[in-house]
Structures are given as structure tokens and as C-alpha cells.
Amino acid sequence: MGRAGVAVVRASGPHAHTGARALIGEGVQLPSPRVAATRILWAPDHVASKREKIDHAMIVIFKGPHSFTGEDCVEYHIHGGVVIIKTLLDALARQQHHRMAEPGEFTRRAFENGKMDLTEAEAVADLIHAETEVQQRQALMQMEGGLSRLYDGWKNRLAHILAMMEADLDFSDQDLPDDLLLKIKPDVSDVLAEMTTHLNDNRRGELLRDGIKLVILGAPNAGKSSLINLLAQRDVAIVSPHAGTT
């Protein structure tokens, strides 16, 4: 947690809206769903005339299933000071049916509620940890269903092939084409070739996600540090005419 202009705190679950009502106080309406509106947040458990103000916040309400998790959600957009964030989290924690989310829990709930599949859920983590533009593009493509569409395509084609094979076995006494299995053989070969190519990509996706480890070996003063700095386009290593400096 650090200082920032804005911090976002998200609550998700059947009591998220109830928690928001408690923080904005009686007589103040929640904003309409998916409409950002400013509200004063008050810490609960105080006498009405002596309530402690937390912040002037922007609130966005989401009604399930039209949210990231598929549940009722509230996003509190507050000023990003450490004390303000802590005060809001403490105020939420003091309410019934509220607790801190576990690591990755919002994405897990989105998966459990059918908002994304496993490949898209993995892509969320990849996007968060992306350090290069290539990693970012790969994670976005996967999060938008790139892998899902590929796998679903294979599944549909294999289901069609299986149906044709079962028809040939179960209805062999019917008036079916004699070359039915011969017709689907190229389809089987095509799917197999595509899967093999996809799996034998020399771990390209893994390398893009995790990076590669590289060792530069050479005699003293051969220019190893200069080469590293040139490749990195910044002064990563010390360059010196004296052997053994780096």
C-alpha cells in the first residue's frame, strides 16, 4: 500500500450494498447502478451527531450478475492516502458479513459465477504481473478469450468427428455412405496437427510470461559489461578498465 491520488476499494457479495448504505448514512440514497456519484463516507458505530467523516468519495454500484464477480458489488474511489485507505477498510471490517478478500478471491468468484473460464482467470494474473508490452498483449489476448476460442473450436470439431464415427458404428446397417470414415480422416489429421503445433511452440508463451535467464561469459576486460549495457540500453553494469571490477 502506497500513497496515490486515488485508491479503489471493492466490496463484493450479497451484503455489499448494505455496507455502502451504512457508510453513506441514513436518508442518503445509493447511486443508480453503473453510475458514478460522489458521497461522503462516514465511519459506523458513532453517535449520529458525532460521526467521524472518512472521505469525500466517488461510489459506483453494480448489481449482479452485471459485475466483474457476477455478484452485487460496490467500488469506493477514495483519496489514496494510507490513513484514508486504512480507515475505510476498518469501517468495512466492523460491519456484519464483511471481511478482507483473500488473494485472488475476486477472480475466483468471477470464475465460479461463470464470468470467465480458467484460461481467462489465469490471464488476469498475467496482466497484473506483466512487465513488458509483449507480456501485456499476450495476457490481454488470453483474457479476451483467445485461448478459449481455440480450445472450443477443437472441442466442437472433435465432437463432430466423434458423432460421425459413432454413426458409422451404430448404424452400419443403414443407408450411410461407405466412405464415411475416410471423409473424416483428414479432419482428424488436421486437428492433431494443430494441437501438436500448439504444444510444440518451444515454450514461447512461458518464456514471454516468465522471461529467460542469460549468462554472458568471457575473459576479464573482454567487454561483457559494455555488451550488457548496450543490450539493456542503460548502465546496468559498471564499466572499468581494471580487471575484476564488475
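Structure: see above.
My aim in this report is to walk through the structure given alongside it, one point at a time.

Conventions and cut-offs
Residues numbered from 1 in each chain as written. Predicted model: local features only at pLDDT ≥ 70, side-chain atom pairs only at ≥ 80, totals over all residues. Heavy atoms only, no water. Helix = DSSP H or I, 4+ residues; strand = E, 2+ residues; numbered from the N terminus. Buried < 20%, exposed > 50% of the residue type's maximum accessible area, 1.4 Å probe, protein only. Polar contact = N/O pair within 3.5 Å; in protein donor to acceptor, adjacent residues only side chain to side chain. Contact = heavy atoms within 4.5 Å. Core = buried A, V, L, I, M, F, W, Y, C linked by side-chain atoms within 4.5 Å.

The next point concerns the side chain of Gln135. Relative to the assigned elements, Gln135 resides in helix α5 (residues 133-143). By relative accessible area, Gln135 is classed as buried at 12%. In terms of polar contacts, Gln135 uses its side chain to reach the backbone amide nitrogen of Glu131, at 2.6 Å. Within the structure, Gln135 has its side chain in polar contact with the backbone nitrogen of Thr132 (distance 3.1 Å). Contacts of Gln135, omitting those with residues within four sequence positions, involve His129, Ala130, Leu208, Arg209 and Asp210.

So, on to the nonpolar core. Membership of the largest hydrophobic core comes to 21 residues, with the highest contact counts inside it found for Leu23, Leu41, Ile59, Val74, Tyr76, Ile78 and Leu88. When contributions to this core are tallied by element, the ones reaching two or more residues are β1 (4-12), α1 (16-24), β2 (37-43), β3 (52-62), β4 (73-80) and α2 (82-93).

Before going further, it helps to examine the environment of Glu120. Relative to the helices and strands, Glu120 resides in helix α4 (residues 118-128). Owing to a relative accessible area of 15%, Glu120 belongs among the buried residues under this scheme. With 26 residues separating them in the primary sequence, Glu120 and Gly146 have C-alpha atoms 8.7 Å apart. Dropping the residues within four chain positions of it, Glu120 is found in contact with Lys115, Gln142, Met143, Glu144, Gly145 and Ser148.

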